[in-house]
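Residue-level structural notes
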Amino acid sequence: MDRMRIRGGIPLNGVIAVSGAKNAALPLMAASLLTDKTLTLHGVPHLTDTATMGNLLGDLGVKQELNGQAEGGETGRVMAFSARDLSGVVAPYDLVRRMRASILVLGPLLARCGKARVSLPGGCAIGGRAVNFHLDVLRVLGAEMTLDDGFIVAHAPKGLTGGRFTFPQISVGASENALMAAVLAKGETVLHNVAREPEVTDLARCLIAMGGRIEGVGSDCLRIEGVSSLSGCDHRVIPDRIETGTYMMAVAAAGGCLELTGIQRDHLETPIEILSQTGLVIEDTDNGIKVSRPQGKMKSLDVVTAPYPGFPTDLQAQLMAIMALADGDTTITESIFENRYMHVPELRRMGADITLKGPIAVLRGAKSLKGAEVMATDLRASVSLVLAALAAEGQTIVNRVYHLDRGYERLEEKLAACGADILRLQGIRLERPDDAVLAV
């Protein structure tokens, strides 16, 4: 099992090109099931999660072609998906268990084929995230839904029909599934309290380019007039706002100056505002933004995670890593997921002073962090440990870095190119962190 060795205290300087957004690419890939024409996506990041979705689509009969690297490679791959001849409607447990986003094939299969059998999803350690909203909205559109031996079994023998549904709670995945199902349903569908995340908007714009009729894109109310069929299209995946925010905070951790290129700044208004309050200097450039950290400690603050356009829960762990060294006390309230503090014990091992009170984490700024051997528990927790390691004195070994591969394309290569002392140790088991020097 791969591990990451990081020696901290080295400022970062250089340019990082931000990859396409994983959380946008996955529903876009699933949308290929809605048409018998070819959907070509530009900027698909090379990640474990996109590979898993590709394997799932292949199992359903979707033919896929990799058309090479786009614009020098850093902005991701060009992939073509053709679902002309589907071979089945079953999404098996062995594939779905690896990634929750696999449930996004449910709406498209139901809309296109009138039936689907999708395993209940896995692949997430940050809370229950029940699938109830996915099932409830599809029932409103006319689907018959049952659970059988761990599978969601869905039927719409007469096809889906339009309806009205208000999500009791904002759900990105359920919003995306509903949108993909409604675009082929008969009549009008009106969805209220829809997630406004840029990834949902990106999916809607792709569906419109395929011939879908959708109004209210970017708002919390979508009105969809169903069409009988969709065509293919060429579509570019939006830049990854979470990756962008992570590298912004890498500067906060290590110091230095990075230019982040290929970003979409309007997706980052709240993170930029929050990070500016900590003392980071963020300036626009012709190609993106330049991020630098003045000398001295970061300023403490209070943050509550919230659905877009609020501060993203997917940046909460990274913020905690840099605020562990802030001047004063920081309070972070996690309002989205009930179990997203599993990185806290590992940060404590490195010297962070963190007290948990239910959904609230109180950090008292430490004088320094110390390198240690730590264990990643999920995608964002793993990268928070990398950020802490960049700031720490000495050497840190991060175990279970396969989590990183789910959502960060060539993270160690990008950081190393900007001066970080970071190295992936492939399949090497170390008895203690100091052995890393000998092992490599």
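Higher on the page you've got the structure.
Residues numbered from 1 in each chain as written. Predicted model: local features only at pLDDT ≥ 70, side-chain atom pairs only at ≥ 80, totals over all residues. Heavy atoms only, no water.

Owing to its 3.6 residues per turn, the α-helix brings residues three or four apart onto one side. Relative to the 20 Å expected for 14 residues at 1.5 Å per residue, helix α8 (residues 241-254) spans 20 Å between its end C-alpha atoms, a close match to the ideal helical length. Of all 14 residues in α8, 14 are buried, a share of seventy percent or more. Two or three places before Ile242, at the opening of α8, Asp240 has a side-chain oxygen 2.9 Å from that residue's backbone nitrogen. Phi turns positive one or two residues past the end of α8, at Gly255, with a value near 85 degrees. (Helix = DSSP H or I, 4+ residues; strand = E, 2+ residues; numbered from the N terminus. Expected span 1.5 Å × (residues − 1). Buried < 20%, exposed > 50% of the residue type's maximum accessible area, 1.4 Å probe, protein only. Polar contact = N/O pair within 3.5 Å; in protein donor to acceptor, adjacent residues only side chain to side chain.)

A few words now on the packing of helix α1 (residues 22-31) against helix α7 (residues 198-209). One can describe the packing of α1 onto α7 by two numbers: an axis separation of 9 Å at closest approach and a directional angle of 30 degrees. In terms of orientation, α1 and α7 fall into the roughly parallel class. α1 and α7 meet at a crossing whose hand is right-handed. For the pair α1 and α7, the contacting residues are Asn23, Ala24, Pro27, Leu28 and Ala31 in the first and Glu199, Asp202, Leu203, Cys206 and Leu207 in the second. For the contact of α1 with α7, the residue count by class is 7 nonpolar, 1 polar and 2 charged. (Axes fitted to C-alpha atoms, helices over the stretch in contact; angles between N-to-C directions. Parallel < 35°, antiparallel > 145°, perpendicular 65-115°, else oblique. Left-handed = near helix turned anticlockwise from the far one by under 90°. Contact = heavy atoms within 4.5 Å. Nonpolar A, V, L, I, M, F, W, Y, C, P; charged D, E, K, R; others polar.)

Now for the environment of Lys297. For Lys297, the position within the fold is in the loop between β17 (288-292) and β18 (302-304). Relative accessible area serves as the criterion here: at 44%, Lys297 is assigned to the partly exposed category. Considered as a pair, Lys297 and Ala30 are 267 residues apart in the sequence and their alpha carbons are 44 Å apart. Beyond its immediate chain neighbours, meaning those up to four positions away, Lys297 contacts Leu325, Ala326, Asp327, Ala366 and Lys367.

Turning our eyes to something else, we now look at the pattern of salt bridges. Inspection of every chain in the model, using the stated rule, returns 25 salt bridges. The salt bridge partner of Asp36 is Lys37, with a shortest N-O separation of 3.0 Å. A salt bridge links Glu243 to Lys414, with the nearest nitrogen and oxygen atoms 2.8 Å apart. You can see Glu243 sitting in helix α8 and its partner Lys414 sitting in helix α14 (residues 411-416), a full 171 residues away along the chain. Exposure remark for Glu243: the relative accessible area of 2% places this residue in the buried category. According to the relative accessible area criterion, Lys414 is buried, its value standing at 5%. Three or more residues joined by partner-sharing salt bridges are found here, namely Asp2, Asp405, Glu412 and Arg424. (Salt bridge = Lys/Arg side-chain N within 4 Å of Asp/Glu carboxyl O.)

Next up on the list: the sheet that holds strand β10 (residues 164-166). Strand order in the open sheet made by the 4 strands is β10-β11-β13-β12, with mixed pairing throughout. Edge positions in the open sheet fall to β10 and β12 (213-215), since each of these has one partner strand only. When strand polarity is set aside, the average angle formed by the axes of neighbouring strands in this sheet is 15 degrees. Sheet topology note: the β12/strand β13 (residues 221-225) ladder contains 3 bridges and is antiparallel. In the sheet register, Arg213 faces β13, and the bridge partner there is Glu225. (Pairing = 2+ DSSP bridges.)

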